[in-house]
Amino acid sequence: MTLDTLPRLPLAHLPTPLEPLPRLRAALQQEDPNRPVPRLLVKRDDQTGLASGGNKTRKLEYLLAQALAEGADTLLTVGAPQSNHCRQTAAAAAKTGLRCVLVLGGNAPRLEGGNLLLDRLLGAEILWAGEQDRLALLAEAAQAQAAAGHRPHIIPYGGSSPVGAAGYAVACQELLAQAAAAGWRVDHMAVASSSGGTQAGLAVGAWAAGFAGQIHGISIDRRADDYQPALAELATQTAGLLGAPHTFRPEEMIVHDAYLGGGYGVLGEAERAALRLLASSEGLLLDPVYTGRALAGLLDLIRQGRFAAEETVVFWHTGGLPALFAYADQLS
Ligand SMILES: *Cc1c(COP(=O)(O)O)cnc(C)c1O
């Protein structure tokens, strides 16, 4: 069943590579020779393109097609100061010839590094929310753009509408086709999960493909009991939009919320160790906010013996590299 049914603006470099992580596996085996360590693969969605890539690019292909169909000339979106979503949206706007306004939480930092530096280079206008509610300011900013004669279009937080999530329904099918062609059976996927579009989209793609394995969302900043219903609702809406109606139940959405650490954007020892281990064993870089935390969670599940040695786990590398440089003082 094809899920690629919505208008799509090609922005991403697809398919992204699917690669084995043999040296990471060996390092985990060496820690404890009696521990079952599954085969590990990485899906390189850090290589999707748009000013250093990441998972928002696949969502933006559908979100931009929708914005253009509605005649927009200005994109607005919202996020944290080091938002990858905002940086990728700014890049998509630049590439498409649209204006871009970003509403970022908090106040301007002393040094605009990492994603923020890229937002500026990409030509986005930045509004700092300060103590104000970010979403209220976003709505006000869109009204101000319209009043000034522009045609504004709001890209939702994290790109996580049913239209955006469509990108990951299709991505899931891309991965399963790649794995099948390579002769690898996928038993589990693990992914950093926060605004939900990625995990909900994957759930839709998995369901449509009859995938029998499990999708483990490693929650970045939300407790499972309030996140699972939101994921199920988004997946249900996405499936309906894609012409593959299905009702997802909250308990079907696997969310691990034991790895929230000090909260969103707080780099802890677990994230640091995961970043170092992947970098030194595979030459592969993670980000401090999302993929560092997600791999830390996956490593913990492996060390707990949650997976069998004959199983295969795919880690979705969802990007975030620029944020690494904004955490230099905490990593070096
Ligand atoms: C946004 C983001 C995520 C989370 O994806 P959601 O669809 O918001 O759940 C994961 N990793 C990175 C690097 C991100 O930027």
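Reading the values: the criteria
- Residues numbered from 1 in each chain as written.
- Predicted model: local features only at pLDDT ≥ 70, side-chain atom pairs only at ≥ 80, totals over all residues.
- Heavy atoms only, no water.
- Domains from an automatic or database assignment.
- Contact = heavy atoms within 4.5 Å.
- Buried area = accessible area lost by both parts, 1.4 Å probe.
- Salt bridge = Lys/Arg side-chain N within 4 Å of Asp/Glu carboxyl O.
- Helix = DSSP H or I, 4+ residues; strand = E, 2+ residues; numbered from the N terminus.
- Nonpolar A, V, L, I, M, F, W, Y, C, P; charged D, E, K, R; others polar.
- 1 Å grid on protein atoms, 1.4 Å probe; cavity = no way out; pocket = protein on both sides within 12 Å on 5 of 7 lines; lining within 4 Å.
- Points joined across faces, edges and corners; volume = space filled by probe spheres on them.
- Expected span 1.5 Å × (residues − 1).
- Buried < 20%, exposed > 50% of the residue type's maximum accessible area, 1.4 Å probe, protein only.
- Arc of directions from axis to C-beta.
- Polar contact = N/O pair within 3.5 Å; in protein donor to acceptor, adjacent residues only side chain to side chain.
- Pairing = 2+ DSSP bridges.
- Axes fitted to C-alpha atoms, helices over the stretch in contact; angles between N-to-C directions.

J.: Could you give an account of the domain arrangement of the chain, with specific residues and numbers?
T.: Looking at the assigned domains, one finds that the chain contains domain 1 (18-54 + 161-331) and domain 2 (56-159). Using only C-alpha atoms to locate each centre, domain 1 and domain 2 end up separated by 25 Å. Contacts between the two partners involve 28 residues from domain 1, matched on the other side by 24 residues from domain 2. Here domain 1 and domain 2 share an interface that buries about 2000 Å² over both sides, 60% of which is from carbon and sulfur atoms. Our count for the contact surface shared by domain 1 and domain 2 stands at two salt bridges. Here the side of domain 1 that touches domain 2 takes nine residues from helix H6 (residues 162-182), the largest share from any one element. Its residues placed into classes, the side of domain 1 that touches domain 2 shows 13 nonpolar, twelve polar and three charged.

J.: How would you sum up the layout of surface pockets? Please name residues and give values.
T.: Within this model, the largest pocket holds a volume of roughly 340 Å³. Forming the walls of the largest pocket are 19 residues, and the residues nearest its centre are Gln82, Pro109, Leu111, Gly113 and Ala326. Among the residues making up the lining of the largest pocket, the classes are represented as eleven nonpolar, six polar and two charged. When residues of the lining of the largest pocket are assigned to domains, at least three map to each of domain 1 (18-54 + 161-331) and domain 2 (56-159). Lining the second largest pocket are Gln199, Ala203, Ala206, Trp207, Phe211, Gly213, Gln214, Ile215, Phe248, Glu252, Met253 and Ile254. Looking at the lining of the second largest pocket, the elements that each hand over two or more residues are helix H7 (197-209) and strand S8 (214-219). For the lining of the second largest pocket, the element with the most residues is H7, which contributes four residues.

J.: So what about helix H5 (residues 134-147)? Which residues, and what values?
T.: Residues three or four positions apart in an α-helix share a direction because the helix packs 3.6 residues into each turn. Taking 1.5 Å as the rise per residue, H5 with 14 residues should run 20 Å; its terminal C-alpha atoms sit 20 Å apart, in good agreement. The complete set of buried residues in H5 reads Leu137, Leu138, Ala141, Ala142 and Gln145. End-on, the buried residues of H5 take up no more than an arc of 140°, which puts them together on one face. Away from its buried face by more than 90 degrees, H5 exposes Gln143 and Ala147. Looking at the residues trailing H5, positive phi occurs at Gly149, about 95°.

J.: Could you give an account of the side chain of Gln228, naming the residues involved and the relevant values?
T.: Tracing the chain through its elements places Gln228 in helix H8 (residues 224-241). At 2.8 Å, the side chain of Gln228 and the backbone oxygen of Met253 are in polar contact. With residues up to four places along the chain from it excluded, the contact list for Gln228 reads Pro250, Glu251, Met253 and Val255.

J.: So what about empty space enclosed by the protein? Which residues, and what values?
T.: In this approach a probe as big as a water molecule rolls over the atoms, and the regions it shows empty are the leftover space. According to the stated counting rule, one finds one cavity of 30 Å³ or more in the structure shown. Here the largest cavity defines a volume of roughly 260 Å³. If you go around the largest cavity, you meet 24 residues; those closest to its centre are Lys56, Gly158, Ser194, Ser195 and Tyr290. When residues of the lining of the largest cavity are traced back to their parent elements, those giving at least two are helix H2 (56-69), strand S3 (74-79), helix H3 (84-96), strand S7 (188-193) and H7. Residues that form the lining of the largest cavity fall into these classes: six nonpolar, 15 polar and three charged.

J.: Help me get a handle on the sheet that holds S3, residues and values and all.
T.: Taken in spatial order, the four strands make up an open sheet running S5-S4-S3-S6, and their pairing is parallel. Sheet topology places strand S5 (125-128) and strand S6 (152-154) at the edges, where each strand pairs with a single neighbour. Between one strand axis and the next, the sheet turns by 25° as a mean value, whatever way the strands run. The pairing of S3 with S6 spans three bridges and is parallel. Paired with Leu76 across the two strands is Ile154, which belongs to S6. Packed onto the sheet, helix H4 (residues 114-121) meets strand S4 (99-104) and S5 and runs at close to 135° relative to S5. Against the sheet, H5 engages S3, S4, S5 and S6, with an angle of about 170° to S3.

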